[in-house]
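So the chains spell out like this:
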Amino acid sequence: MGKVAFLTGGGDCPGLNAVIAGAVRSLADERVETIGLVDGWKGALEGLTMEVTPASTANIIAEGGTILGSSRTNPYKEADGVAKIKDSFSRLDIDALVAIGGDDTLGVATRLFDEEKMHVVGVPKTIDNDLSSTDFTFGFDTAVNIAMDAVDKIRTTARSHHRVLVIETMGRHAGWIAAYAGIGGNADVTLVPELKVDVEAVCRTLKQNREKGQNFNIVVVSEGAIFQEGGYVTQDADLDEFGHVRLGGVADALSKMIEKQTGYETRSVVLGHLQRGGSPTAFDRMLGIRLGVHAAKMVTAGEWGKMAAMRGSRIVSVPLSEATGELKVLNDEFKELVRLFSS
Ligand code: F6P
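A. Layout of the sheet that holds strand 1 (residues 3–8). In space, the 7 strands of this open sheet follow the order 3-2-1-4-5-12-13, with mixed pairing throughout. Whereas interior strands pair on both sides, the edge strands pair on one side only; in this sheet they are strand 3 (49–51) and strand 13 (314–319). Across the sheet, the axes of successive neighbouring strands diverge by a mean angle of 30 degrees, strand direction being ignored. Where strand 4 (residues 94–101) meets strand 5 (residues 120–124), 5 bridges bridge the pair, whose relative direction is parallel. Considered in strand 5, the bridge of glycine 101 is made with proline 124. Here helix 9 (residues 282–301) sits on the sheet and contacts strand 1, strand 4, strand 5, strand 12 (306–311) and strand 13; the angle it forms with strand 12, its principal contact strand, is near 140 degrees.

Below, the structure written as structure tokens:
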């Protein structure tokens with residue numbers, strides 16, 4: 001077999017390097033050569049590579065981000081994008097690709113397998129935890145712990161000033177990060193995209209909690225939360241190469257409404273990219289390593305068009321097309337938890 005290439009696409013997240021370390025170690029064990037493509041699909045299009053060997057990946061498990069670099073490049077937006085990728089692969093003697101990414105990156109991988117019959121396997125990543133076919137994506141646990149820690153920390157200053165503090169989490173159109181950080185962090189109200197925001201009901205809950213003796217409030221809101229009137233809040237009108245809006249700003253908008261309706265002094269905090277930073281938790285390191293090793297085994301077994309996924313406590317292979325077909329949003333159990341802990 002020729003070389004096995006790796007690329008990481010889309011927003012980075014803690015645990016990407018653990019996947020690479022696991023897969024490289026497993027492939028080296030089978031005497032298969034590996035190579036890195038730099039900056040996601042950009043590297044595949046332009047043939048930009050870096051060394052990825054057992055030696056170069058020996059100490060990267062604890063490192064957040066991705067040693068390969070990442071981008072949101074969409075090869076299907078580029079003239080002759082597919083031909084360019086094929087050309088890079090033949091020049092570099094690449095026989096197979098391990099694509100590590102979210103729905104956009106894996107969507108491209110799915111098309112390269114379905115339409116071009118390329119040797120591709122996938123590994124699901126995203127702090128948003130919104131990919132179908134896998135119970136958890138690595139990066140989520142780290143992001144949730146960062147967000148929950150922020151909720152815990154904000155409590156002391158909220159209490160000192162008797163303020164309402166509104167914390168905005170990432171997560172795109174799925175409320176997983178907000179639900180875990182808000183409920184686990186004991187927020188007064190948690191707002192997620194799956195349940196429309198009723199500002200009057202939010203203010204009612206805050207007032208009730210004050211009447212019970214609490215002299216401050218904490219609200220956690222997911223960046224994709226949708227107001228009953230007005231939809232979600234975006235940073236600008238632009239779309240990225242995969243057609244996504246840039247969410248952000250909901251905490252600021254909401255805090256103004258809360259202050260106006262309740263008279264309580266209110267501040268907002270956007271956690272933003274902090275949630276993707278730093279070292280992965282033990283859970284994310286181990287999930288990354290296990291998925292990486294499984295992806296390597298899929299490559300040596302020729303299981304093309306599949307993705308490594310977590311089902312229960314096991315790692316299994318599932319069709320790539322299933323992974324990208326549908327967004328995994330909060331299920332009924334979690335929606336009920338959010339409702340129960342926000343009233
Ligand atoms: O998909 C991961 C994510 O962090 C989302 O939660 C967020 O909306 C988006 O990426 C931010 O993207 P960027 O890094 O391009 O600003």
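B. Fine view of the pattern of salt bridges. Under the defined criterion, the tally for this structure stands at 15 salt bridges. Across the salt bridge formed by aspartate 149 and lysine 153, the nearest N and O atoms sit 2.6 Å from each other. In this pair, aspartate 149 and lysine 153 are both assigned in helix 5 (residues 140–161), 4 residues apart and thus about one turn of the helix distant. Given the relative accessible area of 56%, lysine 153 is considered exposed. Linked by salt bridges that have partners in common, Arg163, Glu265 and Arg267 make up one network.

C. Inspection of the sheet that holds strand 6 (residues 164–169) at higher detail. Read across the open sheet, the 4 strands follow the order 7-8-6-11; overall the sheet is parallel. Pairing within the sheet leaves two strands with one partner each, and these edge strands are strand 7 (189–191) and strand 11 (266–270). With strand direction ignored, the average angle separating the axes of adjacent strands in the sheet is 15 degrees. Where strand 6 lies against strand 11, 5 bridges are found, and the strand directions are parallel. Bridge pairing in strand 11 places glutamate 168 opposite valine 270. Its contacts with the sheet place helix 5 against strand 6, strand 8 (217–222) and strand 11, and it is angled at close to 165 degrees to strand 6.

D. Expanded view of unusual backbone geometry. For lysine 117, which is not a glycine, the phi torsion comes out positive at approximately 55 degrees. By the element assignment, lysine 117 lies in the loop between helix 4 (103–116) and strand 5. What makes lysine 117 exposed here is its relative accessible area of 58%. A positive phi angle is found at arginine 172, which is not glycine, with a value near 55 degrees. Structurally, the position occupied by arginine 172 is in the loop between strand 6 and helix 6 (176–184). Here arginine 172 falls in the buried class, since its relative accessible area comes to 18%.

E. Examining the site of the ligand more closely. Looking at the ligand, the residues that line it are Arg72, Ile127, Asp128, Met170, Gly171, Arg172, Glu223, His273 and Arg276. At 3.0 Å, a side-chain N or O of histidine 273 approaches an oxygen atom of the ligand. Isolated, the ligand exposes 390 Å² of accessible area, and the fraction of that covered by the protein chains is 80%. Here the shell around the ligand is composed, by residue class, of 2 nonpolar, 2 polar and 5 charged. Here the shell around the ligand spans two domains, and each of domain 1 (3–138 + 280–325) and domain 2 (141–277) adds at least three residues to it.

Definitions and cut-offs
Residues numbered from 1 in each chain as written. Predicted model: local features only at pLDDT ≥ 70, side-chain atom pairs only at ≥ 80, totals over all residues. Heavy atoms only, no water. Pairing = 2+ DSSP bridges. Helix = DSSP H or I, 4+ residues; strand = E, 2+ residues; numbered from the N terminus. Axes fitted to C-alpha atoms, helices over the stretch in contact; angles between N-to-C directions. Contact = heavy atoms within 4.5 Å. Salt bridge = Lys/Arg side-chain N within 4 Å of Asp/Glu carboxyl O. Buried < 20%, exposed > 50% of the residue type's maximum accessible area, 1.4 Å probe, protein only. Near = heavy atom within 4 Å. Polar contact = N/O pair within 3.5 Å; in protein donor to acceptor, adjacent residues only side chain to side chain. Areas by Shrake-Rupley, 256 points an atom, 1.4 Å probe, with all protein chains shown as cover. Nonpolar A, V, L, I, M, F, W, Y, C, P; charged D, E, K, R; others polar. Domains from an automatic or database assignment.

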